[in-house]
Amino acid sequence: MMSVLRPFICKAMTEDVFTSLRQAKIVTVTDFLSKDKEDIARTCGIDYKDVVSIGRVLLAQYSAFPVSAAQLYSAVMSSQAIFSTGFTSLDELLEGGFYSGELCELTGEAASGKTQVCLRCAVTVAGTHAQNVVFIDTCGSFSTQAVSCFLPQSEGCEDLQGSQLLEDTLSRICCVQASDVYSLLSVLDDLRSALKTQSQSQYSGARLVVVDCVAALFAPIQGGQQIDSLALLEQLGLQLKSLAVECSLAVVVTNNVTRAVSGDPQPSLGRVWTHTPHTRVLLERYPSGSALASAAAAASPFRKATLVKSVRTATSLTAHIDLASS
């Protein structure tokens, strides 16, 4: 909708000037700025200096200042960060790691390595990058013992230096339990409030948020009031994405998979959730007969990561991950 000229927007725009402009069918800001200033002064009988003065005020109030692509790129890069997953091959698959301002989903069956990737990433961000992490645990997956295993030279954690490294890393990881959807939404609200107001709390300075896992929260309510569960799922997705964008966070969630009619794995939670994440990675165990799997397939540390969805690169790319690598 075009903005309409109003009297007294500046000293030069008197009631008489406003009336003269309307009589000349110059009603909107666009009408005024698109006409030659000398023509306006001559047609409406307005002093040329007043026409110039009115034009400057209108430009200042209604024009969008031009911004170069270089300035936009600089603004994005100054606020965007890329956090390593802790696995070199997975970082290469994701073109660096997890990006701030985006929601990444790790999907896979049970024992596919989703939690281990999340813990490894949390340790890398908290330990190597010295950034704060919020780990929202919905199924009791967080373990300090597992965290210590991902630390560099973790076998030496019994000495003073190793213990201090573990303590420093754990001090930057805030683990929060969420037993249902409503408690998760409450945690996200508290997190947003703390980051927006920059208040001192357990969430202060957080750069990475991990939710492990979203499917566990919806399993008890799916099949009941379908409309309610879909509304909660949509609200959760919107809140996670807006939190990532507004607070410049990297948000990582884990999800289970179901099997389509064709037998192909697909993320659980249905079509409402399918389009929510910016990036989706499918983690799978190698078949027991493959060269990368040991005799006990479930205990094998090797996983196949497939890029199913991405906003910046081609999909269907794969990477080999060794969960036991240091």
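What you see is a predicted model, and the numbers here were worked out from it, not measured in a lab. (Residues numbered from 1 in each chain as written. Predicted model: local features only at pLDDT ≥ 70, side-chain atom pairs only at ≥ 80, totals over all residues. Heavy atoms only, no water.)

### Describing the side chain of T276
Okay, so step 1: Along the chain, T276 falls in the loop between α13 (270–274) and β10 (279–285).
Okay, so step 2: Classification of T276 by relative accessible area gives buried; the value is 9%.
Okay, so step 3: Setting aside its immediate chain neighbours within four residues, T276 contacts L103, G237, K241 and K309. (Helix = DSSP H or I, 4+ residues; strand = E, 2+ residues; numbered from the N terminus. Buried < 20%, exposed > 50% of the residue type's maximum accessible area, 1.4 Å probe, protein only. Contact = heavy atoms within 4.5 Å.)

### A closer look at the packing of aromatic side chains
In this description, a pair of aromatic rings is defined by centroid distance and the angle of the planes.
Okay, so step 1: Following the criterion strictly, the structure yields one aromatic pair and no others.
Okay, so step 2: Its guanidinium or amino end placed over the ring of F87, R120 lies 4.5 Å from that ring's centre, counting from NZ or CZ.
Okay, so step 3: Here R312 stacks its cationic end above the ring of Y99, 3.5 Å away from the centre of that ring. (Phe/Tyr/Trp six-rings, centres within 6.5 Å; stacked < 30°, edge-to-face > 60°. Lys NZ or Arg CZ within 6 Å of the ring centre and 35° of its normal.)

### A word on the pairing of strand β4 (residues 132–137)
On any regular strand, side chains alternate: one points to one face of the sheet, the next to the other face.
Okay, so step 1: Counting buried positions over the six residues of β4 gives five, a clear majority of the element.
Okay, so step 2: Examined bridge by bridge, β4 and strand β5 (residues 173–177) share five bridges and lie parallel to one another. Considered in β5, the bridge of D137 is made with Q177. (Pairing = 2+ DSSP bridges.)

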